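Observations on the three-dimensional arrangement
Here are the chains, one letter per residue:
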Amino acid sequence: MYLVHAALRAPAPGAQLPPHAGELIRAFASASASASATADACGPVEHVSAHPHALPDPTLGVYLLADSLNEAERRTEALCRRAFEEVPALWGWTVGRVGAPLVTPYYEHLLAAASGRAGRNGPGPVPSS
């Protein structure tokens, strides 16, 4: 399973992403998956989370099953584009950058633990050695 973020562009300055956009896109993905012509492009999608107040752009978090990250990103972009064309509450929205989010704090913790210098990458004074 992959988590892919899709940055969204508003149809007009000041436009707000509907608070239930995640539910709308998840429902659209479910309906699309039942239609053979669109199942390959959009599904299977496990969950969609909307972050309407994310900066610099509203963002969708799409959890989906795919054989690779590239496929997951491609499917997320296709899903968003189709939903923005077909779901009336989302008309006019467009897709910006699509990609897997970085999980930097987790990997910084692993690096610190592996080097025996846990805590060096976090806030606070540098321990003397």
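Refer to the structure presented above.
The text that follows walks through the structure, step by step, so that each part is easy to find.

Quick notes on the rules
- Residues numbered from 1 in each chain as written.
- Predicted model: local features only at pLDDT ≥ 70, side-chain atom pairs only at ≥ 80, totals over all residues.
- Heavy atoms only, no water.
- Helix = DSSP H or I, 4+ residues; strand = E, 2+ residues; numbered from the N terminus.
- Expected span 1.5 Å × (residues − 1).
- Buried < 20%, exposed > 50% of the residue type's maximum accessible area, 1.4 Å probe, protein only.
- Arc of directions from axis to C-beta.
- Salt bridge = Lys/Arg side-chain N within 4 Å of Asp/Glu carboxyl O.

Here's the deal with helix α1 (residues 21-34)
- In this model, α1 (14 residues) spans 20 Å end to end at C-alpha, consistent with the 20 Å of a helix rising 1.5 Å per residue.
- When we look at burial in α1, the residues that qualify are Ala21, Gly22, Ile25, Phe28, Ala29 and Ser32. On an axial view of α1, the arc spanned by its buried residues comes to 130°, and they lie on one face. Exposed positions of α1 whose direction lies more than 90 degrees from the buried face are Glu23 and Ser34.

Here we look at the pattern of salt bridges
- Summed over the entire model, instances satisfying the criterion amount to three salt bridges.
- Residue Glu77 is joined to Arg81 by a salt bridge in which the shortest nitrogen-to-oxygen separation is 2.5 Å. Within this pair, Glu77 and its partner Arg81 are both found in helix α3 (residues 69-86), separated by four residues, close to a single helical turn.
- Its relative accessible area of 27% is what places Glu77 among the partly exposed residues.
- Measuring nitrogen to oxygen at the nearest pair gives 2.7 Å for the salt bridge that ties Glu86 to Arg82. Taken together, the residues Glu86 and Arg82, both in helix α3 and four residues apart, mark about one turn of the helix.
- Given a relative accessible area of 41%, Glu86 falls into the partly exposed group.

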